[in-house]
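Report on the structure
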Amino acid sequence: MSLDAATITAWMTEIESSVRAERDHLIQLDAAIGDGDHGTNMARGFEAVVQALGQDTGSGPGRLLVVAGRTLVSTVGGASGPLWGSALRAGGRILGDEATFDASQLVDVLATALASIKDLGTAKLGDKTMVDALEPAVDTLRERVTAGDALDVALDAAGAAAEAGMRATIPLQARKGRASYLGERSVGHQDPGATSTALIVRALQRAVGKQ
Ligand code: ADP
Ligand code: MG
């Protein structure tokens with residue numbers, strides 16, 4: 001399957017509509033263990049991304065991801081903006097100026113995005129952050145693509161892994177970000193960033209499914 005600029009635009013559009021639909025839920029989750037702005041941050045950020053990509057005609061997929069990342073950094077004040085912003089920028093850079101990319105390059109984009117988030121935020125698996133959803137998704141996607149599964153099947157498994165990782169944040173105590181200030185009181189709540197990350201992975205599955 002050949003992926004291209006339209007895949008990236010579709011991915012960002014799918015993220016925008018799902019974070020908008022889940023905005024209040026993300027706000028509630030962040031109100032419980034943070035400052036309640038995560039739904040607003042993600043909705044505002046991806047609305048700006050869709051707008052920016054709408055004005056960008058003729059760019060390749062790598063360039064579009066870089067523009068998306070830069071837009072998130074400049075429009076989102078919370079931790080999630082710089083983290084996802086640098087992730088998309090780093091992921092876009094590895095695609096270079098090519099017009100198309102394949103499934104294994106998509107794995108590389110997501111793995112690079114994860115590495116960038118871990119680098120910037122210094123969170124490890126189990127710290128109750130977005131990493132807890134993204135890392136299992138990337139690992140699963142890589143395994144399935146390497147095993148020769150069709151990309152839509154591999155992405156479905158990655159989406160399920162992200163959701164399992166998201167749910168697994170509930171019993172954890174936060175060790176990074178604002179929720180970590182609560183100490184043991186962060187236990188028993190699902191991490192908002194892991195929740196939006198699962199939406200981002202499912203959005204990718206839908207975007208690729210539309211190709
Ligand atoms: P803020 O915490 O600044 O209000 P958001 O509410 O938009 O920003 O995002 C909160 C989410 O960001 C958390 O639920 C968590 O998943 C993620 N997060 C916070 N700090 C880190 C970090 N250091 N590394 C990875 N993810 C983080
Ligand atoms: Mg917040």
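Here, the structure is the one placed above.
In short, a report on the structure. Computed from a predicted structure; not experimentally measured. (Residues numbered from 1 in each chain as written. Chains lettered and ligands numbered in written order. Predicted model: local features only at pLDDT ≥ 70, side-chain atom pairs only at ≥ 80, totals over all residues. Heavy atoms only, no water.)

**Regarding the site of ligand 1**
Of all residues adjacent to ligand 1, which total 20 residues, the nearest are N41, A79, S80, G121 and D191. Separating an oxygen atom of ligand 1 from a side-chain N or O atom of D30 is a distance of 3.0 Å. Between ligand 1 and D191, the relevant distance is 2.6 Å, taken from an oxygen atom to a side-chain nitrogen or oxygen of the residue. Mapping ligand 1 onto the cavity grids shows that it belongs to the largest pocket. Of all the secondary structure elements, the ones that give two or more residues to the shell around ligand 1 are α3 (38–54), α5 (80–95) and α9 (192–209). A total of three residues in the shell around ligand 1 trace back to one element, the largest contributor, which is α9. (Near = heavy atom within 4 Å. Polar contact = N/O pair within 3.5 Å; in protein donor to acceptor, adjacent residues only side chain to side chain. 1 Å grid on protein atoms, 1.4 Å probe; cavity = no way out; pocket = protein on both sides within 12 Å on 5 of 7 lines; lining within 4 Å. Sits in = over half its atoms within 2 Å of the grid points. Helix = DSSP H or I, 4+ residues; strand = E, 2+ residues; numbered from the N terminus.)

**Points about the packing of helix α2 (residues 23–33) against α3**
Packed helices, taken two at a time, are described by their axes: the angle between them and the distance between them. Look at α2 against α3: their axes get within 6 Å of each other, and the N-to-C directions meet at 140°. Relative to α3, α2 is oriented oblique. The residues of α3 that touch α2, namely those facing R23, L26, I27 and D30, are H38, G39, T40 and A43. A breakdown of the residues in the contact of α2 with α3 according to their chemical character gives three nonpolar, three polar and two charged. (Axes fitted to C-alpha atoms, helices over the stretch in contact; angles between N-to-C directions. Parallel < 35°, antiparallel > 145°, perpendicular 65-115°, else oblique. Contact = heavy atoms within 4.5 Å. Nonpolar A, V, L, I, M, F, W, Y, C, P; charged D, E, K, R; others polar.)

**Quick notes on the packing of helix α7 (residues 131–146) against helix α8 (residues 151–167)**
As a packed pair, α7 and α8 sit with axes 7 Å apart at the nearest point and diverge in direction by 155°. In terms of axis orientation, α7 runs roughly antiparallel to α8. For the pair α7 and α8, the sense of crossing is right-handed. Listed contacts from α8 to D132, A133, P136, A137, T140, L141, R144 and V145 of α7 are L151, V153, A154, L155, A157, A158, A161, A162, G165 and M166. Here the contact of α7 with α8 is built from residues that sort into 14 nonpolar, two polar and two charged. (Left-handed = near helix turned anticlockwise from the far one by under 90°.)

**Notes on the environment of G121**
Its location among the elements puts G121 in helix α6 (residues 103–121). G121 sits in the partly exposed class, given a relative accessible area of 25%. When the C-alpha positions of G121 and M166 are compared, they lie 18 Å apart, and in sequence the two are 45 residues distant. With residues near it in sequence (within four places) discarded, G121 still touches L83 and K176. (Buried < 20%, exposed > 50% of the residue type's maximum accessible area, 1.4 Å probe, protein only.)

**A closer look at the nonpolar core**
Residues W11, M12, F46, W84, L88 and L141 are the most contacted members of the largest nonpolar core, which totals 58 residues. For this core, the secondary structure elements donating two or more residues are α1 (5–21), α3, α4 (61–75), α5, α6, α7, α8 and α9. For W11, the residues in contact, after removing those within four places along its chain, are L65, L88, L110, I200, A203, L204 and A207. (Core = buried A, V, L, I, M, F, W, Y, C linked by side-chain atoms within 4.5 Å.)

**Overview of the pattern of salt bridges**
Counted according to the given criterion, the structure contains 12 salt bridges. With its nearest N and O atoms 3.6 Å apart, the salt bridge here joins D24 to R23. Since its relative accessible area comes to 32%, R23 is described here as partly exposed. In this structure, R202 and D156 form a salt bridge, with 2.8 Å as the shortest nitrogen-oxygen distance. With a gap of 46 residues between them, R202 in helix α9 and D156 in helix α8 connect regions that are remote in the sequence. Its relative accessible area of 18% is what places R202 among the buried residues. Residue D156 is classed as partly exposed on the basis of its relative accessible area, which comes to 38%. In this structure, a network of salt bridges that share partners links the residues E14, R206 and K210. (Salt bridge = Lys/Arg side-chain N within 4 Å of Asp/Glu carboxyl O.)

**Observations concerning the coordination of the magnesium ion (ligand 2)**
Any two of four tetrahedral donors ideally make an angle of 109.5 degrees at the metal, while pairs among six octahedral donors ideally make 90 or 180 degrees. For the magnesium ion (ligand 2), every protein donor is listed as D30 (OD), D35 (OD) and D37 (OD), and the spread of their distances is 2.0 to 2.2 Å. Counting gaps between the donor residues of the magnesium ion (ligand 2) yields the pattern D-x4-D-x1-D. A relative accessible area of 38% means that D35 is categorised as partly exposed. Looking at D37, the relative accessible area reads 23%, which means it is partly exposed. (Donors = N, O, S within 2.8 Å, 3.2 Å for Na, K, Ca; no water.)

Function cannot be read off these values alone, since they describe shape.
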